[in-house]
Amino acid sequence: MPARDYIFQNIPYEEQIRQVAELLEDADAVIIGAGAGLSTAAGMNYGGRRFTDNFQEFIDRYGPAYMTDMYSAGFYPFPTQEEKWGYWSKHAYLNRIEPDALPLYRSVYDLVKEKPHFVLTTNVDHQFWKVGFSDEEIFATQGDYGEIQCEKGCHPKVYDAVELFSRMNEARTGCQIPSELVPKCPVCGGNMTMHLRCDQYFLEDEHWHEAAARYGDFLSEYSGKKVVLLELGVGFNTPTIIRFPFEKMVRQEAGWSLVRLNLNEAVVPESLGERAVGINADLAGSIEDIRKLCAGTGEERAENDA
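For the structure given in this document, a descriptive report is provided here. (Residues numbered from 1 in each chain as written. Predicted model: local features only at pLDDT ≥ 70, side-chain atom pairs only at ≥ 80, totals over all residues. Heavy atoms only, no water.)

Let's talk about the sheet that holds strand S7 (residues 192-196)
One open sheet accounts for 3 strands, arranged S6-S5-S7; its pairing is antiparallel. Edge strands, defined here as strands with exactly one partner in the open sheet, are strand S6 (158-160) and S7. Adjacent strand axes in the sheet meet at a mean angle of 45 degrees, parallel and antiparallel pairs treated alike. Here strand S5 (residues 143-150) pairs with S7 via 5 bridges, running antiparallel. By the bridge assignment for S7, Gly143 is matched with Leu196. Together, S5 and S7 form the strand contacts of helix H5 (residues 81-97), whose direction differs from that of S7 by roughly 30 degrees. Seen against the sheet, helix H8 (residues 162-171) touches S5, S6 and S7 and runs at an angle of roughly 95 degrees to S5. (Pairing = 2+ DSSP bridges. Helix = DSSP H or I, 4+ residues; strand = E, 2+ residues; numbered from the N terminus. Axes fitted to C-alpha atoms, helices over the stretch in contact; angles between N-to-C directions. Contact = heavy atoms within 4.5 Å.)

Rendered as structure tokens:
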């Protein structure tokens with residue numbers, strides 16, 4: 001897609017909300033594409049006060065030049081495994097284990113739960129599962145904060161580490177955990193690492209491939225029908241996973257539409273015409289406005305049917 005084709009739509013916000021509500025109402029299915037911006041809008045901010053309030057001891061120990069936000073701080077070259085897991089166990093606890101289902105994610109679920117739907121996400125905080133989406137409806141391409149794997153990917157299996165991280169979080173002192181809690185690969189005896197796509201050793205295990213296949217099946221099932229690609233908080237960090245493929249699918253499928261919600265990055269291809277809506281506004285507010293309008297339309301239709 002040439003850059004010159006991208007535009008910020010000059011359409012009143014209220015009109016865009018109405019367009020999206022109508023598209024969702026008329027859709028045979030909805031595919032959600034969710035990026036980091038969705039979790040940020042939901043309150044899971046990895047920088048600012050939320051970072052400094054929770055990780056000041058790490059900032060003091062390793063330096064503010066390296067400890068700038070929750071995500072990048074995790075890739076500091078910690079000198080010991082005890083320190084590495086001291087950091088990552090707290091990160092996982094704060095962003096994956098402790099939080100309940102967040103209201104914004106609940107609103108997204110409410111918006112699509114009555115339609116056939118599927119979730120493609122680069123987020124690793126497990127929120128889609130927490131709000132009620134089933135495992136069979138989710139393809140999390142980049143891993144999960146609650147899982148670990150062999151650091152060198154010596155065997156194609158990932159391990160649930162939620163209970164282990166909780167124990168680490170309780171036992172941590174001085175930015176590190178006790179040595180007896182450091183996980184080791186059960187096959188090669190080497191170090192373990194987070195199950196996050198950050199290098200060539202990321203494991204696409206059996207569950208990952210099953211989810212990928214289900215996503216492919218969903219795309220095939222609704223080819224030729226009316227589908228809304230609801231893109232939420234997807235920027236340009238990894239656009240080849242959701243953003244660019246969504247645009248390509250709308251070009252290829254005449255009955256498919258793209259709804260892009262992303263403050264400051266809601267540009268859409270002008271060539272897609274009315275089949276693309278880019279809402280350059282607060283994501284949480286936009287979802288709530290769409291949800292309310294859809295709910296009102298549904299109630300009105302029920303009254304008319306009666």
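Now that the structure has been shown, the text picks up again.
Some thoughts on the environment of Tyr6
Considering the arrangement of structural elements, one finds Tyr6 in strand S1 (residues 6-7). In this structure, the C-alpha to C-alpha distance between Tyr6 and Ile32, residues 26 residues apart in sequence, is 21 Å. A polar side-chain atom of Tyr6 sits 2.7 Å from a polar atom in the side chain of Glu247. (Polar contact = N/O pair within 3.5 Å; in protein donor to acceptor, adjacent residues only side chain to side chain.)

Some thoughts on helix H3 (residues 48-62)
For H3, built from 15 residues, the straight-helix expectation of 21 Å at 1.5 Å per residue is missed by more than 12%, its first-to-last C-alpha distance being only 17 Å. A maximum bend of about 80 degrees is found in H3 at Phe55. Buried residues of H3: Phe51, Phe55, Phe58, Ile59 and Tyr62, and no others. Looking at the buried side of H3, the elements it contacts are helix H4 (70-73) and H5. Gly63 lies just past H3 and shows a positive phi near 100 degrees. (Expected span 1.5 Å × (residues − 1). Bend = angle between axes of the 7 residues up to and from the residue. Buried < 20%, exposed > 50% of the residue type's maximum accessible area, 1.4 Å probe, protein only.)

A few points about the pattern of salt bridges
If the charged atoms of two oppositely charged side chains come close together, the side chains can form a pair. The final tally for this structure, using the stated rule, is 15 salt bridges. Note that Arg18 and Glu22 form a salt bridge whose closest N and O atoms lie 2.4 Å from each other. Highlighted residues: Arg18 and Glu22, both in helix H1 (residues 13-26), separated by 4 residues, approximately one helical turn. Accessibility expressed as a relative area gives 32% for Arg18, which makes it partly exposed. Using a relative accessible area of 43% as the deciding quantity, one classes Glu22 as partly exposed. (Salt bridge = Lys/Arg side-chain N within 4 Å of Asp/Glu carboxyl O.)

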